[in-house]
Amino acid sequence: MKPSISGASGFSKNGYHFLFDAGYGKHGTFILKKMDKPGRLTKGQKVELVNESNKPFKQARQDFREQRLLLSEGNVLYQLTIDELISGLD
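From a predicted model like this one, the values you see are computed outputs, not experimental measurements.

I'm lost on the nonpolar core in this one. Help?
One recurring pattern in soluble globular proteins: nonpolar side chains tend to sit buried together. Membership of the largest hydrophobic core comes to 13 residues, with the highest contact counts inside it found for L19, F30, L32, L49, L69 and L71. Elements with a contribution of two residues or more to this core: β3 (29-37), β7 (68-73) and α1 (82-89). Among the elements that take part in this core, α1 stands out by supplying 3 residues, more than any other. The contact partners of L71, leaving out residues within four places of it in the chain, are F30, L49, F57, A60, R61, Q62, V76, L77 and Y78. Judged by nonpolar contacts, the second largest core, of 7 residues, contains F18, A22, M35 and L41.

In structure tokens:
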């Protein structure tokens, strides 16, 4: 599969959904894509995550683990699963 995202630093998946870092110069923004046919991903949906103060993450460190995204900002660690993200978008 080719996700068509230049410079993505990682991704997580839950089987049919893939969450990618948006790539060069777009850190803190993510793209959620779905496998609509074997080997083919949808165009995707841009996702901007915010902290508990409803502010975008700035210079957060990120790590993708299976179906989880971990974000670290300051001395706080955030965890988000793809299923949680999808249910929040509905």
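Sorry if this is basic, but what is going on with the packing of aromatic side chains here?
Scanning the entire structure with this criterion turns up 5 aromatic pairs. Consider the rings of F11 and F20, whose centres lie 5.6 Å apart with planes at 35°: the pair is tilted. Ring pairing ties together the aromatic residues F11, F18 and F20, which thus form one cluster.

Quick notes on the rules
Residues numbered from 1 in each chain as written. Predicted model: local features only at pLDDT ≥ 70, side-chain atom pairs only at ≥ 80, totals over all residues. Heavy atoms only, no water. Core = buried A, V, L, I, M, F, W, Y, C linked by side-chain atoms within 4.5 Å. Buried < 20%, exposed > 50% of the residue type's maximum accessible area, 1.4 Å probe, protein only. Helix = DSSP H or I, 4+ residues; strand = E, 2+ residues; numbered from the N terminus. Contact = heavy atoms within 4.5 Å. Phe/Tyr/Trp six-rings, centres within 6.5 Å; stacked < 30°, edge-to-face > 60°.

These figures come from the coordinates and say nothing about function on their own.
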